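One letter stands for each residue in the lines below.
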Amino acid sequence: MDSKIYIAPIQGHTDAAWRHFHRLAYGGDNLYFTPFIRAEHGGVRDRDIRDYSGPMSANHRLEPQVIFRDMEELDLLLTALGREGADRVNLNMGCPFPLQTGKGRGAGFIANCEEAAKLPEIASRHPEISLSAKMRLGYSESDEWRGIMPILNSMHLRFIVLHPRVAKQQYGGELDLDMFAGFLRESSNPVVFNGELKTPSDVAAIMERFPAIEGVMLGRGLLGRPSLAAEVTAGEGWTRERRIEEMLRFHDALMAYYEETLCGESQLLSKIKPFWEYAEEEIGRKAWKAIKKAATLPKYRTALALI
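Heads up: these notes are all about the structure in this document. Remember, it's a predicted structure, so these values are computed and weren't measured experimentally.

### Things to note about the overall build of the protein
Okay, step 1: What the protein contains, in helices and strands, is 16 helices and 11 strands.
Okay, step 2: A compact globule built from 307 residues would reach a C-alpha radius of gyration of about 19 Å, and the protein, at 19 Å, matches this within 12%.
Okay, step 3: Summarising its shape, the C-alpha atoms of the protein cover approximately 55 × 45 × 30 Å along the three principal directions.
Okay, step 4: Expressed as a percentage of its 307 residues, the buried residues of the protein come to 54%.
Okay, step 5: Working note: accessible area of the protein is about 13900 Å², and carbon and sulfur atoms make up 49% of it.

### Regarding the sheet that holds strand S2 (residues 31-33)
Strand pairing in a sheet is mediated by backbone hydrogen bonds. Such pairs are either parallel or antiparallel.
Okay, step 1: Across the sheet, nine strands lie side by side as S5-S2-S1-S11-S10-S9-S8-S7-S6; this open sheet has parallel pairing. Strands with a single pairing partner mark the edges of an open sheet, and in this sheet they are strand S5 (61-63) and strand S6 (65-67). Pairwise comparison of adjacent strand axes, ignoring direction, gives a mean angle of 30° for this sheet.
Okay, step 2: When strand S9 (residues 160-166) meets strand S10 (residues 191-194), the two strands line up parallel, connected through three bridges.

### Details of helix H13 (residues 265-272)
Okay, step 1: Taken together, the buried positions of H13 are occupied by Leu268, Leu269 and Ile272. Along H13, the residues classed as buried sweep out an arc of 95° about the axis, all on the same side. Facing away from the buried side of H13 by more than 90 degrees, the exposed set consists of Ser266 and Ser270.
Okay, step 2: Elements in contact with the buried residues of H13: helix H12 (240-261) and helix H16 (297-305).

### Describing the pattern of salt bridges
Okay, step 1: Scanning all chains against the criterion turns up 25 salt bridges.
Okay, step 2: Across the pair Asp51 and Arg19 runs a salt bridge whose closest N-O atoms are separated by 3.0 Å. Taken as a pair, Asp51 in helix H2 (residues 46-53) and Arg19 in helix H1 (residues 16-26) lie far apart in primary sequence, 32 residues in all. Just as Asp51 is buried, Arg19 falls in that class too.
Okay, step 3: Between Arg125 and Asp75 there is a salt bridge whose closest N-O contact spans 3.4 Å. Of this pair, Arg125 sits in helix H6 (residues 119-125) while Asp75 is found in helix H3 (residues 71-83), placing the two residues 50 residues apart along the sequence.
Okay, step 4: Beyond isolated ion pairs, a larger network of salt bridges with shared partners links Arg69, Asp70, Glu73 and Arg105.

### What about the packing of aromatic side chains?
Okay, step 1: If you walk through the whole model with that rule in mind, you get 16 aromatic pairs.
Okay, step 2: Between Tyr6 and Phe33, the ring centres sit 6.3 Å apart and the planes meet at 40°, which makes this aromatic pair tilted. Pair noted here: Tyr6 is in strand S1 (residues 4-7) and Phe33 is in strand S2, with a separation of 27 residues, a long-range link.
Okay, step 3: For Tyr6, a relative accessible area of 3% translates into the label buried.
Okay, step 4: Ring plane angle 65° and centroid distance 5.1 Å describe the contact between Phe250 and Phe275, whose orientation is recorded as edge-to-face. Separated by 25 residues along the polypeptide, Phe250 in helix H12 and Phe275 in the loop between H13 and helix H14 (280-283) bring together distant segments of the chain. Across the pair, exposure class does not vary: Phe250 and Phe275 are buried alike.
Okay, step 5: Members of the aromatic cluster, each reached through a chain of ring pairs, are Trp18, Tyr26, Trp238, Phe250, Phe275 and Trp276.
Okay, step 6: When the ring centre of Tyr171 is taken as origin, the NZ or CZ atom of Arg136, which lies over that ring, is 4.9 Å away.

### Some words on helix H8 (residues 177-186)
Okay, step 1: Among all positions in H8, only Met179, Phe180, Ala181, Gly182, Phe183 and Leu184 are buried.
Okay, step 2: Along its buried surface, H8 packs onto strand S8 (130-138), helix H7 (145-153), S9 and S10.

### Considerations on unusual backbone geometry
Okay, step 1: One non-glycine residue with positive phi stands out, namely Gln170, at about 50°.
Okay, step 2: With respect to the helices and strands, the residue Gln170 is situated in the loop between S9 and H8.
Okay, step 3: At Glu196, a residue that is not glycine, the phi angle is positive and equals roughly 55°.
Okay, step 4: Of note, Glu196 is situated in the loop between S10 and helix H9 (200-209).

### Examining the packing of H12 against H13
Okay, step 1: Interhelical geometry of H12 versus H13 gives an angle of 150° and a closest axis separation of 10 Å. For the pair H12 and H13, the crossing hand works out as right-handed. Mapping the contact onto sequence places His251, Leu254, Met255, Tyr258 and Glu259 in H12 and Leu268, Lys271 and Ile272 in H13.
Okay, step 2: A per-class count over the contact of H12 with H13 returns five nonpolar, one polar and two charged.

Conventions adopted
- Residues numbered from 1 in each chain as written.
- Predicted model: local features only at pLDDT ≥ 70, side-chain atom pairs only at ≥ 80, totals over all residues.
- Heavy atoms only, no water.
- Helix = DSSP H or I, 4+ residues; strand = E, 2+ residues; numbered from the N terminus.
- Rg over C-alpha atoms; globule rule 2.2 N^0.38 Å.
- Buried < 20%, exposed > 50% of the residue type's maximum accessible area, 1.4 Å probe, protein only.
- Areas by Shrake-Rupley, 256 points an atom, 1.4 Å probe, with all protein chains shown as cover.
- Pairing = 2+ DSSP bridges.
- Axes fitted to C-alpha atoms, helices over the stretch in contact; angles between N-to-C directions.
- Arc of directions from axis to C-beta.
- Contact = heavy atoms within 4.5 Å.
- Salt bridge = Lys/Arg side-chain N within 4 Å of Asp/Glu carboxyl O.
- Phe/Tyr/Trp six-rings, centres within 6.5 Å; stacked < 30°, edge-to-face > 60°.
- Lys NZ or Arg CZ within 6 Å of the ring centre and 35° of its normal.
- Left-handed = near helix turned anticlockwise from the far one by under 90°.
- Nonpolar A, V, L, I, M, F, W, Y, C, P; charged D, E, K, R; others polar.

Put into structure tokens, the structure is as follows:
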């Protein structure tokens, strides 16, 4: 595959340790993104900065993502990341969750054209940072992106990742591929497709339908099938036996790291069990349910054996 593969940022899943061991397990030159970094109490959360700049992030190409409600927050975030040496930042205008959209962040920002009009000015204050964006079609209507498109087209963004749903759908309902096609036609910036890519054939179908896209971003589909990017890059799907073998190897490396760095069974289980959240189809419902129910490490290991 000639087009690029981007690894989506997913809160509670794709932290530095997950990214580090995923890169070790599957290789590749994919671009990873941090879960969104946000302002809090007039500053930037320390744990967000550590996730971006810590030693576990050294083995993979990484771009920090920021979420913001106005230019004051964005300026603060870009300044902080600039101090950390960041030369690329992704703007989150796609988070669909009410906790963020209700405050005008994520996909809630798309409708705020007055504030969005200031984006070029803020970008000009940070010439050392190259920007990209991740967004949805809108908050409640699938044509809301049209209001912000002239602003985006006036900027030199490296790419725009578009998930063709509105925020109110979250991850349910159909993708609006016709509206994605309209966005692709009108964007002067390169466009990356994101949404419901779970198998190599899903990716191939999108590439065939939209040959002009810059690449694809893999999110929940990659969490459920961690080999997906490697399979797409290789141009062929792996056998289920190989996928499961490599997935368990990836899991075991991550588990060993958590056992060394976390304290107590409860903390360890709460950290490792989300590894399987999207993998029901891959590992089978019986094992998936047993993992979900496991309340102790012995029960968790017994559940893993069902895979």
